[in-house]
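Here is how the chains run, residue by residue.
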Amino acid sequence: MTHAVAILLLDGIVPFDLGSSTQILGTARDASGKRLYSLKVCGAGPVRSEHGFTVVPDPGLEELATADTVVVPGVHSGGPVSDGSLPPAIRDALVAAAARGARIVSICTGASVLAAAGLLDGRPAATHWNWASTISRLYPEVEWNFDVLFVDDGDVLTSAGVGAGIDLCLHIVRNDFGTEVANRAARRCVVPPWRDGGQAQFIERPVPAAATGSPTEPTRAWTLDRLAEPVTLEDMAGHARMSVRTFTRHFRSETGLSPRQWLLRQRVAHAQLLLESTDLGVETVARRSGLGSATALRQHLQATIGVAPSAYRRTFRQPTP
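Residues numbered from 1 in each chain as written. Predicted model: local features only at pLDDT ≥ 70, side-chain atom pairs only at ≥ 80, totals over all residues. Heavy atoms only, no water.

1. A look at the overall build of the protein
Line of reasoning, step 1. Along the backbone of the protein there are 14 helices and 10 strands.
Line of reasoning, step 2. For the protein, the C-alpha atoms occupy an extent of roughly 75 × 45 × 35 Å along the three principal directions.
Line of reasoning, step 3. Out of the 321 residues in the protein, the part that is buried amounts to 47%.
Line of reasoning, step 4. Nonlocal contacts in the protein, meaning residues at least 24 apart in sequence, comprise 65% of its contacts between residues at least 6 apart. (Helix = DSSP H or I, 4+ residues; strand = E, 2+ residues; numbered from the N terminus. Buried < 20%, exposed > 50% of the residue type's maximum accessible area, 1.4 Å probe, protein only. Contact = heavy atoms within 4.5 Å.)

2. Comments concerning the pairing of strand S1 (residues 3-9)
Line of reasoning, step 1. Of all seven residues that make up S1, six are buried, and the element is covered over most of its length.
Line of reasoning, step 2. Pairing between S1 and strand S2 (residues 37-43): seven bridges, direction parallel. In the sheet register, Leu8 faces S2, and the bridge partner there is Cys42.
Line of reasoning, step 3. In terms of handedness, the path from S1 via helix H1 (residues 15-27) over to S2 forms a crossover that is right-handed.
Line of reasoning, step 4. Bridge count between S1 and strand S5 (residues 69-72): three bridges; the pairing is parallel. When the bridges of S5 are listed, Ile7 appears paired with Val71. (Pairing = 2+ DSSP bridges. Right-handed = clockwise from strand over helix to strand, strands pointing away.)

3. Observations concerning helix H10 (residues 244-255)
Line of reasoning, step 1. In a regular helix each residue adds 1.5 Å, so 12 residues correspond to 16 Å; H10 covers 16 Å between its end C-alpha atoms and thus fits that length.
Line of reasoning, step 2. Buried within H10 are the following residues: Phe247, Phe251, Glu254 and Thr255. Looking down the long axis of H10, one finds its buried residues gathered within 80° of arc, a one-sided arrangement. The outward face of H10, more than 90 degrees from its buried face, is lined by the exposed residues Arg245, Arg249 and Ser253.
Line of reasoning, step 3. Close packing links the buried residues of H10 with helix H8 (217-224), helix H9 (233-240) and helix H11 (259-277).
Line of reasoning, step 4. Positive backbone phi, approximately 85°, marks Gly256, located one or two places after H10. (Expected span 1.5 Å × (residues − 1). Arc of directions from axis to C-beta.)

4. Structural notes on the packing of helix H6 (residues 164-177) against helix H7 (residues 179-189)
Working note: a packed helix pair is described by the angle between its axes plus the distance between those axes.
Line of reasoning, step 1. Between H6 and H7, whose axes approach to 7 Å, the crossing angle comes to 145°. By crossing handedness, the relation of H6 to H7 is classed as right-handed. Residues Leu170, Val173, Arg174 and Phe177 of H6 pack against Thr179, Val181, Ala182, Ala185 and Ala186 of H7.
Line of reasoning, step 2. A breakdown of the residues in the contact of H6 with H7 according to their chemical character gives seven nonpolar, one polar and one charged. (Axes fitted to C-alpha atoms, helices over the stretch in contact; angles between N-to-C directions. Left-handed = near helix turned anticlockwise from the far one by under 90°. Nonpolar A, V, L, I, M, F, W, Y, C, P; charged D, E, K, R; others polar.)

5. A closer look at the sheet that holds S2
Line of reasoning, step 1. Pairing in this open sheet of six strands is mixed, and the strands run S2-S1-S5-S6-S10-S9 from one edge to the other. The open sheet terminates on both sides in strands that have one partner only, identified here as S2 and strand S9 (150-152). Between one strand axis and the next, the sheet turns by 15° as a mean value, whatever way the strands run.
Line of reasoning, step 2. Across the sheet, H1 touches S1, S2 and S5, and the angle it forms with S2 is around 160°.
Line of reasoning, step 3. Packed onto the sheet, H6 meets S1, S2, strand S6 (103-106), S9 and strand S10 (156-159) and runs at close to 150° relative to S10.

6. Topic: the packing of H8 against H11
Line of reasoning, step 1. Contact pair H8 / H11: the axes reach a minimum separation of 11 Å and the direction vectors enclose 40°. Handedness of the crossing formed by H8 with H11: right-handed. On the side of H8, the interface is formed by Arg220, Thr223 and Leu224, while H11 contributes Trp262, Leu263 and Gln266.
Line of reasoning, step 2. The residue makeup of the contact of H8 with H11, split by class, is three nonpolar, two polar and one charged.

7. Here we look at the pattern of salt bridges
A side chain of one charge can pair with a side chain of the opposite charge if their charged atoms are brought near each other.
Line of reasoning, step 1. Enumeration according to the criterion identifies seven salt bridges in this entry.
Line of reasoning, step 2. When the shortest N-O distance is used, the salt bridge between Asp155 and Arg123 registers 2.6 Å. Taken together, the residues span a long stretch of sequence, with Asp155 in the loop between S9 and S10 and Arg123 in the loop between helix H4 (110-116) and strand S7 (124-125) at a distance of 32 residues.
Line of reasoning, step 3. On the basis of relative accessibility, which here comes to 39%, the residue Asp155 falls in the partly exposed class.
Line of reasoning, step 4. We note a salt bridge from Arg220 to Glu254, for which the minimum N-O separation is 3.8 Å. With Arg220 in helix H8 and Glu254 in helix H10, the pair connects residues that are 34 residues apart, well separated along the chain. Like Arg220, the residue Glu254 is buried in the burial classification.
Line of reasoning, step 5. Overlapping salt bridges, with partners in common, bring together Arg123, Asp153 and Asp155 in one network. (Salt bridge = Lys/Arg side-chain N within 4 Å of Asp/Glu carboxyl O.)

Pasting the structure below:
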């Protein structure tokens, strides 16, 4: 018996999420080549994708009544991500599927659909980091985690954005049919079977901008030219010709951070740049960014984005022309 999967489409569908779930699950096969999942793409009728083309699912919502697993790809428009609403027929079909024991899965902002149906209340869940403020406001009852690639809460699984849907689908295959089948599916789809870290490494964390012409601006520029040096708070205050207390007050007012927080963020950001753009050893990267040692660099990078320097470099290093 194959495992029946219903992939539920709503207006605003993210095409990549639909494609990744059908591709990964549809590629999972046993040693004889037999498909292990039967896939049905279903919905309440034709839906408009976020890029303007229409997808016409063959079956309707009745597929949710018999599916072993229901997958909800992301949506970038409509009630679930705008006002927390959901068409009653879709909500009722999802709730009924969950009540009878179907496994419920979402990719990216598909978690908003599950949340709008009340299926995530009081449960941990993931979604795309870029939607964190919107979705947190709409669904405060959910225990959102915006740093991980996916959350497996047993009968409900949710993933972060876009590519993280691939990670979650491979995780599902691995749990259902074993590592060998999941690795075979990953090779056929030319994707890694497992990724280090979480989505924290992909989150944009710009240092808060400060107004130009502010009292501490010259000192910030002076400090950025000396990231590899052991610049202290006292050095920065001395350059600004202020007491430490006065300098710290001005600095926090202008940047939103304490001088030490700002300096650490700048050093970590510079280390990331060196890891992305050079072949320098980790010890050298640590020294040039002012973090001192490879151990300190690993600790700060792990605390900031959840991965080691080597894993970060593998992910983001640009190949030499």
